[in-house]
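Observations on the model geometry
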Amino acid sequence: MVPIFASFRALVLAVALLFCAQWSSAQFQSATIVVDGLTCSMCSYGVERSLRKLEFVDDVQMDLNSNTAQVSFRTDREVMITALAKKVTDAGFSVRSLQATASIEHHSIPGDIDYLIGHSVCHFLESVDVPEGQLVMTFIGKEFMDKRAWKKWRAQLADQKGSLQSTAFLEAREYCFVTL
Amino acid sequence: MQRCLLYIFLLFIAVPTAPAQELFIHNNPASVLPRDAIAVRTISGLYKEDGYLRFRQGLRVGFGILSAWQMAVEVSFSNHNHPGLISELFGDGTVDHSHHNHGSGEGDINEEHLHPFQLNGITLSSQYRFFTSDGPNRHLRAATYQVLSTNFTTHNFAEPNLQHRTAGATVGLIGTWLRNKFAASLRLGGIYSLASHEKETGRAFKPGNALEYALSLGYLAFPTRYKSYQQLNINFYAEFMGRWFRRGLARDTDGIWYYIENSPETDPGRYLEFRPGLQFILNSRMRADFSTALPFLGRSYTMDYPQFQLNLQYLFFR
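Residues numbered from 1 in each chain as written. Chains lettered and ligands numbered in written order. Predicted model: local features only at pLDDT ≥ 70, side-chain atom pairs only at ≥ 80, totals over all residues.

With 20 residues of chain A at the contact, the number on the chain B side is 28 residues. Those elements giving two or more residues to the side of chain A that touches chain B turn out to be helix 2 (41-52), helix 3 (81-90) and strand 4 (94-103) of chain A. In terms of residues, the side of chain A that touches chain B owes the most to one element, helix 2 of chain A, which gives 6 residues. Taken together, the residues of the side of chain A that touches chain B break down into 6 nonpolar, 9 polar and 5 charged. (Contact = placed C-beta atoms within 7 Å. Helix = DSSP H or I, 4+ residues; strand = E, 2+ residues; numbered from the N terminus. Nonpolar A, V, L, I, M, F, W, Y, C, P; charged D, E, K, R; others polar.)

This is how it looks when you write it as C-alpha cells:
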C-alpha cells in the first residue's frame, strides 16, 4: 500500500484536498439571518446599515415584522459568513439563526468532512444530497444561534477538533460547522 | 396619582397587538447606539417662571463606539441661571428661589430678561451594556452608565442636576425588559455633586449628593404592523423620574461650610415626577419627542411646573 494512505486520517485529508480542487468554484450566493432583540423599525434599519457596510454584500432586504434579513452577495468579493454575524452584533442585536445558500457542482457531500466554499471551510456534520446544484446550509456556532440552541449543539461539537489551522485549504479565511 | 396610574394602565391594554418601544424620551434604555452610528439630538425645554418664559436648549451628540458601548457629549444653554450665587444663601433671611437665580429682586429679573441666554454646562456620558438576553421580539438587558459634568453657572438648590445645572459625576445601572407588548426600564444612579464658586467673593454652594431613579414605560401605537422604513411610527411613553438628595451646603467669605435651615430649596428631599410623552419616528432615522413634566410625589424646586420638552434627533450611520 502506498505510504501516504497508511492511515485513515491521511485518506480523509487526501479526499479533502481533492474536493478542494473540485469545489473551488463553489460560492455563497445569499444568506438569511433571523435577528433577535429587535423592537422597532429604527433598530432594523441599524442592522441593515451595518450589514451593508460589508463590501461583499450586494443587497439587504429586511422583513420588519419577522426581523429577518435577506442578504445577497457580490460574486466578485470574498464572502465571510462570520462577518455577517459580527455586523448584527455590532448593531446591538443577536443572531437567532443564519442560513446561507451556496451554488455547488456536486450532487452529494459525505458527512463529517471539511469543504471549501469560496474562502470558507465548511465542516458538514452530516452527508448531504445536492440535487439542484444549490445548497442551503445552517451555520452552527455561538455567534450563529441563540443561547438555547447553542447549548444543545455545544456538547455535540465538543468532539469536533476542526479549526482553520487544521485544514489543508490555504486560501481559507474562516472555519464553520454547518448542517442542513 | 390614581388618575395617572389609570392612564398608564389604559395605555398598555389599549393596543394589545403592538410591539413595545424603548426609545424613551428622558431615559436611555440599556440598549446602546449601533456601532459607528451617530445620534444628534436637540433638546428644547420650556416652562414659565414669575411670568417669564424660561428656555433650555441642549445639543447632544451620541456615538456608538463599540457594539455595547456608547458615549455622548451634551452642551446646554438656558436663560435660567445666573453666574453668581443668590445673596439669601449668605444672609439671615429665608431663602426664596422663586426668581431662580435671576438676582435678588424684581428689578434684577427684568435686567436678567434682557440678556438671558448663556452656556450652562457640558456633560460627557458613557454607557456600557454588560448583559444581553435577546429573543424574538423580546430582550432583557442591563447596562452601566457614567456621567461627568462641568458647569459654568451657579446652582443654588440642594437637588443636583448633572444634565445642565451642576458639576459632578454620576454612576448607575439601567435594566430594560421588553416582551411582546410591554417595555419597561429601571434606572438607579448615585450623584456626587461639586460646588459652584464665586471667584470674586470666595462664596460657594454645594448641592447635596443624591440618588436618581427612573421608571420608563412605552409602547408603539402606530403602525400595528410594519410595512416599510418610511412608515410613520407613533409611540407613547410614561416616565417617572426623581431624585433623593441630601442637604445643600453654603460657604461664605469666611470659608466655613454650613447648612441653611428651613428652606425647601436647600433642605434634603425626594420627589417623583410623571413625564408623559409622545414620539414620532420618521423614515426610521428621525425622532421628534414631545413631553411634559408634572409633579407626582413631591416636587422638584429647581424648576416650575408644568415643563415642556421637545427633542429632535437624527441618526447617522457611518
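Here the focus is the nonpolar core. Core analysis: the biggest nonpolar cluster contains 75 residues, and I33, V35, V47, L84, V88, L98 and F139 of chain A have the highest contact counts within it. Leave out the neighbours within four places in its chain, and V35 of chain A touches V47, N67, A69, V88, F93, V95 and R96 of chain A. In terms of nonpolar packing, the next biggest core, distinct from the first, is built from 7 residues, L85, I86, L89 and A250 of chain B among them. (Core = buried A, V, L, I, M, F, W, Y, C linked by C-beta atoms within 7 Å. Buried ≥ 20, exposed ≤ 12 C-beta atoms within 10 Å, placed from the backbone.)

With that out of the way, let us pick up unusual backbone geometry. Residue and element names in this part refer to chain B. Between F222 and P223 the backbone carries a cis peptide bond, its omega angle lying at -5°. As for its placement among the helices and strands, P223 is situated in the loop between strand 10 (210-222) and strand 11 (233-245). Omega for the bond connecting Y305 with P306 falls within 30 degrees of zero, at -10°, which places this linkage in the cis form. Assignment of secondary structure puts P306 in the loop between strand 15 (286-297) and strand 16 (307-317). The phi dihedral of N137 is positive, around 55°, even though this residue is not glycine. Topologically, N137 is positioned in the loop between strand 4 (118-135) and strand 5 (138-151). Residue class for N137 comes out partly exposed when judged on the 18 C-beta atoms lying within 10 Å of it.

All names here are of chain A. The terminal C-alpha atoms of helix 2, which comprises 12 residues, lie 16 Å apart, in line with the 16 Å expected from a rise of 1.5 Å per residue. A large share of helix 2 lies buried, amounting to 11 of its 12 residues. Regarding helix 2, the residues found buried are S41, M42, C43, S44, Y45, G46, V47, E48, R49, S50 and L51. (Expected span 1.5 Å × (residues − 1).)

Attention now goes to the sheet that holds strand 2 (residues 57-63) of chain A. Residue and element names in this part refer to chain A. Strand order across the open sheet formed by 8 strands is 2-3-1-4-9-10-7-6, with mixed pairing between neighbours. Looking at the sheet topology across the chains shown, the edges are occupied by strand 2 and strand 6 (113-117). Averaged over all neighbouring strand pairs, the angle between strand axes comes to 30°, with direction disregarded. Inspection of the sheet shows strand 9 (residues 134-140) paired to strand 10 (residues 174-179) by 3 bridges, in the antiparallel sense. Counterpart to T138 in the pairing with strand 10 is T179. The strands touched by helix 2 within the sheet are strand 1 (27-36), strand 2 and strand 3 (68-73), with strand 2 carrying the most contacts at an inclination of about 165°. Packing against the sheet, helix 3 makes contact with strand 1, strand 3, strand 4, strand 7 (120-124), strand 9 and strand 10, and its axis sits at approximately 150° to strand 4. (Pairing = 2+ DSSP bridges. Axes fitted to C-alpha atoms, helices over the stretch in contact; angles between N-to-C directions.)

This brings us to the pairing of strand 10 of chain A. As a general feature of sheets, a regular strand has side chains that alternate between the two faces. Taken together, the 5 bridges between strand 7 of chain A and strand 10 of chain A define a ladder with parallel strand orientation. Bridging from a neighbouring strand, S120 of chain A pairs with E174 of chain A of strand 10 of chain A.

So, on to the sheet that holds strand 5 of chain B. Residues and elements named next belong to chain B. The antiparallel closed barrel is built from 12 strands, whose spatial order is 1-2-3-4-5-6-7-10-11-14-15-16. On average, adjacent strands in this sheet sit at an angle of 20° to one another, irrespective of strand direction. Note that strand 5 and strand 6 (residues 168-179) share 12 bridges and pair antiparallel. Paired with H139 across the two strands is L178, which belongs to strand 6.

All names here are of chain B. Overall, the predicted model of chain B reaches an average pLDDT of 84, with 83% of residues at or above 70. For chain B, the element scoring lowest by mean pLDDT is helix 2 (residues 106-114), at 45; strand 15 scores highest, at 96. Counting interchain partners and residues more than four positions distant, the pLDDT-below-50 stretch residues 9-20 has 28 contacts. This model gives residues 98-110 a pLDDT under 50, and the stretch forms 23 contacts once residues within four places in sequence are excluded. We note a pTM of 0.85 for the whole complex and an ipTM of 0.80 for its interfaces. (pLDDT = per-residue confidence, 0-100.)

Quick look at the pairing of strand 2 of chain A now. Residue and element names in this part refer to chain A. Bridge count between strand 2 and strand 3: 6 bridges; the pairing is antiparallel. Looking at strand 3, one finds that M62 is bridged to A69. Two successive antiparallel strands, strand 2 and strand 3, enclose a turn made up of 4 residues, where N67 displays a positive phi of approximately 55°.

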